[in-house]
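# Secondary and tertiary structure notes
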Number of protein chains: 2
Amino acid sequence: MNILSETTTADGFREREFTVGEVPGILWAPAAGLGPLVLMGHGGGTGRRSPAMVGRGRLLVAAGFTAVAIDAPAHGDRPRTAVDEQAVPEMQALMAAGEPVGPVVERYNADIARRAVPEWQAVLDVLLEETHGPVGYFGTNLGTAIGVPLLVAEPRISAAVLGLFWPGSLAALAKQITIPIEFGLQWDDEHIPREAGLALFDAFASQEKTLHANAGRHKEFPRFEAASAVRFFERHLV
Amino acid sequence: MNILSETTTADGFREREFTVGEVPGILWAPAAGLGPLVLMGHGGGTGRRSPAMVGRGRLLVAAGFTAVAIDAPAHGDRPRTAVDEQAVPEMQALMAAGEPVGPVVERYNADIARRAVPEWQAVLDVLLEETHGPVGYFGTNLGTAIGVPLLVAEPRISAAVLGLFWPGSLAALAKQITIPIEFGLQWDDEHIPREAGLALFDAFASQEKTLHANAGRHKEFPRFEAASAVRFFERHLV
């Protein structure tokens, strides 16, 4: 891990900027030592410093966790490839036209996930040189497109909060996952049909899994679900 | 309100036994004053002192609420009518035979609810002589069969946690309900088909409603959902 900066605020919130290989990341931790790790996957079109990552990071640290976010391929400070340059305007055009965006998002995010999974594993290798103990994963949207194959590949992650994605390419992988899952969907999602969200939740083989479905559209995923995720990790990682 | 007894434990947990008319009830409150009220409806075959009521009451009081449970008609210390004497063995026989119990439970619980709703309203009248402010309702199973018509009849209740029931006689009523709702169902419920539980959740007209669906059978409704209900009331009643 190449540490670029590390600061601690007066209220005991530690922030570290780092890179592992070419991947930029950020780590938030309590002032004293690293608590149990929660890896955070950001949504599409954002990055490691998105408002959602900062907000979830603060909640996790307040509960004693160490939260880590990295830029997914083609996100945040990372370069885009020709695949990215083609997919992003295609998704935007479909959404602007009110047409189903699912097939394009699924295909494109699966491509990002193939690149992202080994990156997360490399970051986890480095983090576990410094701390040990249980590891959680928290990511919706693109964070779930990456999270599901990551959970299949990575036995060191023992609980995950996911949601807001289609079942197409993920359901077959979800059937291999048995760790506790909390899964969010929006009951009135204009992009992901209700039955599609329910089908992905149904696919997980986990004995303990909880669906949180909230009234509202895709972008209205409520803030209180982040606090619920923290309590989920308190039940399973502490 | 006829107060039969009132005691306070060393850790500041106040318990009052009372009757309103012929209805026996129990009130749990912090030692100092009454906090916001949460009316608790017990499940079928139990009563105001069931383990679920005691557990939820303790959680609510620890968060500053006043929790009140009353015996539903034909439950707890209350007499059974001929209707009750017929319905209970009928339900038990169907369950023992592994046959669908829904139609009998729905019909019988609707009959109980017709008797229970005015009783809850009389209890609420009396409670609101002593305290004021927002009122919540928390009840699953029979507690939902009573709770849904109670919410339609009773504008003084402003948030409710419900769940574990069929939509048959309740969905039409749920469409008239607009207060915030948290709704629990069991993903592998052997009595209530998944689609039936989802249909009842879907029927509520509330702009804010949350479904918590947990893997597991009917009786495996997780304990952490009681803590979730307390946080729901903290968001809406405090």
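Placed above this text is the structure.
So, here is what we can say about the structure in this document.

The rules behind the values
Residues numbered from 1 in each chain as written. Chains lettered and ligands numbered in written order. Predicted model: local features only at pLDDT ≥ 70, side-chain atom pairs only at ≥ 80, totals over all residues. Heavy atoms only, no water. Helix = DSSP H or I, 4+ residues; strand = E, 2+ residues; numbered from the N terminus. Buried < 20%, exposed > 50% of the residue type's maximum accessible area, 1.4 Å probe, protein only. Contact = heavy atoms within 4.5 Å. Salt bridge = Lys/Arg side-chain N within 4 Å of Asp/Glu carboxyl O. Polar contact = N/O pair within 3.5 Å; in protein donor to acceptor, adjacent residues only side chain to side chain. Nonpolar A, V, L, I, M, F, W, Y, C, P; charged D, E, K, R; others polar. Pairing = 2+ DSSP bridges. Least-squares fit on C-alpha atoms with pLDDT ≥ 70 in both. Phe/Tyr/Trp six-rings, centres within 6.5 Å; stacked < 30°, edge-to-face > 60°. Lys NZ or Arg CZ within 6 Å of the ring centre and 35° of its normal. Right-handed = clockwise from strand over helix to strand, strands pointing away.

A separate point is the environment of Ile146 of chain A. Residues and elements named next belong to chain A. Note on placement: Ile146 falls in helix H4 (residues 142–153). By relative accessible area, Ile146 is classed as buried at 4%. Aside from chain neighbours lying at most four places away, what touches Ile146 is Ala72, Ile112, Ala113, Ala116, Val117, Trp120 and Tyr137.

Once that is clear, we can look at unusual backbone geometry. Of note, the phi angle at Leu164 of chain A is positive, near 60°, even though the residue is not glycine. Among the secondary structure elements, Leu164 of chain A is positioned in the loop between strand E7 (157–163) and helix H5 (171–174).

So, about the interface of chain A and chain B. The interface is formed by 19 residues belonging to chain A together with 19 residues belonging to chain B. Viewed at the interface, chain B and chain A are joined by two salt bridges. The interface formed by chain A and chain B holds eleven residue pairs in polar contact (both at pLDDT 80 or more) in total. Of all elements in the fold, only helix H6 (194–203), strand E9 (209–214) and helix H7 (224–237) of chain A reach the threshold of two or more residues within the side of chain A that touches chain B. Take the side of chain A that touches chain B: its biggest share by element is six residues, from E9 of chain A. Looking at the side of chain A that touches chain B, its residues break down into seven nonpolar, five polar and seven charged. Pairing between E9 of chain A and strand E9 (residues 209–214) of chain B: five bridges, direction antiparallel.

The next thing to look at is the relation of the copies chain A and chain B. When chain A is fitted to chain B, the residual RMSD is 0.0 Å, and the transformation amounts to a turn of 180° plus an axial shift of 0.0 Å. Here the transformation between the copies is reduced to the relation of a two-fold axis. Taking the C-alpha atom as reference, chain A places His212 of chain A closest to the rotation axis, 2.5 Å from it. Both copies contact each other with a shared surface, as 100% of the interface residues of chain A are interface residues in chain B too.

Another point: the packing of aromatic side chains. Enumeration over the complete set of coordinates arrives at 18 aromatic pairs over all chains. When the ring of Trp187 of chain A is compared with that of Phe201 of chain B, the centres are 4.9 Å apart and the planes differ by 75°; the resulting orientation is edge-to-face. Of this pair, Trp187 of chain A sits in the loop between strand E8 (181–186) and H6 while Phe201 of chain B sits in helix H6 (residues 194–203), on two different chains. Across the pair, exposure class does not vary: Trp187 of chain A and Phe201 of chain B are buried alike. Ring plane angle 70° and centroid distance 5.5 Å describe the contact between Phe232 of chain A and Phe233 of chain A, whose orientation is recorded as edge-to-face. The residues Phe232 of chain A and Phe233 of chain A share a single accessibility class, namely buried. Taken together, the aromatic side chains of Phe65, Phe138, Phe232 and Phe233 of chain A make up a single cluster linked through ring pairs. A cation over a ring is seen here: Arg235 of chain A above Phe224 of chain B, with NZ or CZ 3.6 Å from the ring centre.

Attention shifts here to the pairing of strand E7 (residues 157–163) of chain B. Residue and element names in this part refer to chain B. Among the seven residues of E7, six are classified as buried, and the element is accordingly described as predominantly covered. Handedness of the crossover is the feature at issue here: the chain leaves strand E6 (residues 135–139), passes through helix H4 (residues 142–153), returns alongside E7, and the resulting connection is right-handed. Relative to strand E8 (residues 181–186), E7 runs parallel, the two sharing four bridges. In the strand pairing of E8, Ala160 is matched with Ile181.

Next up on the list: the side chain of Glu17 of chain A. All names here are of chain A. Looking at the secondary structure, you find Glu17 in strand E2 (residues 13–20). Look at Glu17 and you get buried, because its relative accessible area is 12%. In this structure, Glu17 is in contact with Asn2, Ile3, Leu4, Ser5, Gly25, Ile26, Arg48 and Arg49, ignoring residues within four places of it in sequence.

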